[in-house]
Amino acid sequence: MSDEIKIIHTTGRNNCGGRCIIHAHVRDGKILRLTTDTQECAAPGVPLTACARGMNYHKTFLSEDRLRYPMKRVGRRGEGKFVRIDWDEAVDTIAREWIRIRDTYGPGSRYVNYSTGVSAVFRPDRLAMRLLSLDGGFLSYYNSYSSACIRQASILMYGTGNTGNAPEDWLNSNLIILWGHNPAATKFDCETMYYLRKARDKGIPIVVVDPRENETVRQLKAEWIPIRPATDSAMLDAMAWVLVQEGLVDHEFLDRCCIGFDPDHMPLGVDPGESVLSYLTGEQDGVPKTPEWAEAITGVSAAVIRNLAIRYATARPSILYQGWGPQRNAYGEQCVRGGILLACMTGNVGIHGGYACGAGDYAEHKRPSLPMPKNPYPYRIPVFLWTDAILRGTEMGAADGVRGGEHPLSNIKMILNLAGNTLINQHGDINRTKEILSDELKCEFIVCSDLFMTASAKFADILLPGISMFECDNITNPWQYGEFLGCCNKVIEPLYEGRFEYEWLSEVAERLGLRQAFTEGRTHSEWLEYIYSELQKSEPELPDYAVFKETGIYRYKEKHGGVAFEMECKDPERYPFPTPSGKIELYSDRVNHLAFRDPFPPIPRYVAPPEGPQDPLTQRYPLQLVGWHTPRRCHSIHDNNLAMHAIDPQALWMHPKDAASRGIRDGDMVLVFNDRGKTRIPAHLTERIMPGVTALSQGAWYDADEEGVDRGGSINVLTSSHPTPYAHGNGQHTNLVEVKKLS
Ligand SMILES: Nc1nc2c(c(=O)[nH]1)N[C@H]1C(S)=C(S)[C@@H](COP(=O)(O)OP(=O)(O)OC[C@H]3O[C@@H](n4cnc5c(=O)[nH]c(N)nc54)[C@H](O)[C@@H]3O)O[C@H]1N2
Ligand SMILES: Nc1nc2c(c(=O)[nH]1)N[C@H]1C(S)=C(S)[C@@H](COP(=O)(O)OP(=O)(O)OC[C@H]3O[C@@H](n4cnc5c(=O)[nH]c(N)nc54)[C@H](O)[C@@H]3O)O[C@H]1N2
Ligand SMILES: [Mo]
């Protein structure tokens, strides 16, 4: 045994925005421990310090339960029975089915599932898409499970999702409202909490609107306004009404930059009575959108609503910042539109210390990416509708958000699910998905590559062992904020027979006669170096690749600290917004010409969603259930790491009042159920949740008993697969349930 301990710099590559710095201490090819950013190795900047997840990466990824060798299914699909095969048999089978399905149903019958287990530049899903593109094409998707509604609504109103300001600008604000945002737990980056703490220390008031008193409220000692889930847009409507009543509307801004606010500023040919103002005052439907009206829907008192509206307008510059929780709702587009409306009404857009609301994308430097050949198959589906594309792909059309042509030419017949758990665990309505996938005549062939025997892996026909972040090189991008590049350095040799997906995809390519086209003659490492050198052409500040690898990170020195829409707001004639009208579209005439399954009005306004508190279904299922991302996991990752359990034991949050009427005490096992499924889980009684609402963190591993009752606390047995009206996104936070005590 050698005494020499080497420290290798690396970073996480799951879909966590933290992108923290990890220093692996290695001796004799084994990891002894992990430490994190001490700022010794890096240029000054926001510390990229790892949280508990990062510090436990080795315990998650180098655990006993790793998949060890390729396997093929022997039982019924989904049953979880497999036998060991060798890599040649695995690759032969994949190539054979790949070709058979292509030739029988056409290239567009092939689909690569949304998967974010390797959220790095060189990622398995994109590599599979690259190969499929070279082989006639595949059915592709748009949207994400993360931000479908917030991004589409931002594009609808502003023409872009780039609505973010540099986070250091937040310190110029006089009030920060975090609306359904919980950055203390849901890392979008390391910057957000850093600047929010600075803002708090500077005395800037911070308000959080959330059904839960979330971790951010606690850590920042912020004010908490509890609200019923999926009703945010009613509160935003009422705040808008207050601004009108109190004479706090910035008409000069609205006149200059927006269309649709009042009857005098409507798009040509549109009835002036359709304006936002006509809706707010009740001219349209006889109901003024008063705080009292909103109180009945949202559970937030009228006085609190009125007060927040006045504070937001008079504090200007002020920030209304939405997380992505509120938009992961049945009608999730509307709260985003309502937030943007308020930002415009108060003239907070395009100014320092203000904020445009919306998706909040912000990047100053170009991001590296794998070159992708054009996909010859033009059709694209919204990502949340992939199960529908198995059942009725050829019938799906405009009302389903299909792009690239009228109807796809085939249903999905082959799925590659590489480093993802949306095949079962992370998609809405697990029991429905299971039923669809169990039918081998529908989707005929499924390949999964993962590190563990997840719920999705059990549905594979061929199941392949991947390798973890410690076992090969990669490059990572920051997520929401941060101007740097991260380097995943290989720390140890691959475990067992695990292979990075590029390796076996190259062998499939070989059997398709496409190896050269697919690899362009490059190895895994050569691709990374090539991608980096391509980036260097537009980012000359970057050091040599060898230096970057050695340091494990590069922080850009060149930074401007931008404010979204600064030019557009100052001079919209010269710098029009990228919308059809060139203005911010508070009224969107476009939506009048689209087909919808559910209502979608041309203005931001509350529409009572299915499974909201006003749904008659509340008679059977009286409790709202909301999901959230827990600090203990990155989606489903780390659920099998015992070291993480104590951070946040999986349990159903319940208000003591709702528990008392059901005879439930803290820690009791309860059954949470609706028409879609059931899960058995301990109750956690807490006043940190609004009465009438329950909460269950998303990502727990689905684990069904013989009767199909989940024992893992997996929220997706209760969620719906019904898409949102406009974005066709996932409304997985909107659910009605009942809870009963188990004896
Ligand atoms: N620890 C951790 N961090 C993560 C992730 C993770 O899995 N774990 N995942 C990463 C990824 S991929 C993403 S997309 C983001 C997700 O980030 P978000 O989507 O922002 O996270 P959520 O926890 O779903 O929601 C944020 C907050 O919204 C609240 N909320 C839910 N519904 C409503 C509602 O109807 N109204 C209001 N006002 N609030 C509501 C929740 O209680 C929660 O506190 O996080 C990223 N960071
Ligand atoms: N109900 C509900 N459902 C949700 C959400 C919600 O808020 N509520 N959030 C949604 C969001 S925002 C997102 S982004 C999706 C995320 O959905 P997924 O992308 O499916 O996320 P993960 O659960 O992180 O799945 C990653 C998988 O990759 C595997 N993996 C990890 N590292 C590696 C590796 O190096 N190689 C290989 N081959 N495999 C690896 C893990 O074991 C895991 O099975 O979930 C969505 N689902
Ligand atoms: Mo996400």
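Conventions we followed
- Residues numbered from 1 in each chain as written.
- Chains lettered and ligands numbered in written order.
- Predicted model: local features only at pLDDT ≥ 70, side-chain atom pairs only at ≥ 80, totals over all residues.
- Heavy atoms only, no water.
- Pairing = 2+ DSSP bridges.
- Helix = DSSP H or I, 4+ residues; strand = E, 2+ residues; numbered from the N terminus.
- Axes fitted to C-alpha atoms, helices over the stretch in contact; angles between N-to-C directions.
- Contact = heavy atoms within 4.5 Å.
- Near = heavy atom within 4 Å.
- Polar contact = N/O pair within 3.5 Å; in protein donor to acceptor, adjacent residues only side chain to side chain.
- Areas by Shrake-Rupley, 256 points an atom, 1.4 Å probe, with all protein chains shown as cover.
- Nonpolar A, V, L, I, M, F, W, Y, C, P; charged D, E, K, R; others polar.
- Domains from an automatic or database assignment.
- Patch = residues over 30% accessible without salt bridge, like charges linked within 9 Å, V, L, I, M, F, W, Y side chains within 5 Å.
- Salt bridge = Lys/Arg side-chain N within 4 Å of Asp/Glu carboxyl O.
- Buried < 20%, exposed > 50% of the residue type's maximum accessible area, 1.4 Å probe, protein only.

This part is about the sheet that holds strand β4 (residues 71-73). Taken in spatial order, the six strands line up as β5-β4-β16-β15-β14-β6 in an open sheet, and their pairing is mixed. The open sheet terminates on both sides in strands that have one partner only, identified here as β5 (82-84) and β6 (110-112). Each strand of the sheet is rotated relative to its neighbour by a mean of 20°, with strand direction disregarded. As paired elements, β4 and β5 share three bridges and run antiparallel to each other. Note on β5: the bridge partner recorded for K72 is V83. Contacting β6 and β14 (414-418), helix α4 (residues 124-134) runs over the sheet at an angle of about 145° to β14. Here helix α16 (residues 501-511) sits on the sheet and contacts β14, β15 (445-450) and β16 (462-465); the angle it forms with β15, its principal contact strand, is near 145°.

Quick look at the site of ligand 2 now. Near ligand 2 you find 35 residues, and of these R13, T116, N421, D450 and S636 are the closest. Within the side chain of H629, a nitrogen or oxygen atom sits 3.4 Å from a nitrogen atom of ligand 2. A distance of 3.0 Å is found between a nitrogen atom of ligand 2 and a side-chain nitrogen or oxygen belonging to Q732. When ligand 2 sits alone it has 930 Å² of accessible area, and the protein chains cover 98% of it. Partitioning the shell around ligand 2 into residue classes produces 10 nonpolar, 21 polar and four charged. Each of two domains, domain 1 (71-145 + 369-469 + 495-520) and domain 3 (616-741), supplies a minimum of three residues to the shell around ligand 2.

A contiguous nonpolar surface patch, about 260 Å² in accessible area, is contributed by I5, I7 and L32. If you trace the backbone, I5 turns up in the segment before β1 (6-11). A relative accessible area of 43% places I5 in the partly exposed class.

Further remarks concern the site of ligand 1. Taken together, 36 residues lie near ligand 1, and A185, D210, D232, R633 and H635 sit nearest. A185 places a main-chain nitrogen or oxygen 2.8 Å from a nitrogen atom of ligand 1. The backbone of K187 places a nitrogen or oxygen atom 2.8 Å from a nitrogen atom of ligand 1. Notes on ligand 1: free accessible area 900 Å², of which the protein chains cover 99%. Partitioning the shell around ligand 1 into residue classes produces 15 nonpolar, 14 polar and seven charged. Counting residues domain by domain, the shell around ligand 1 receives three or more from each of domain 2 (149-363 + 565-592) and domain 3 (616-741).

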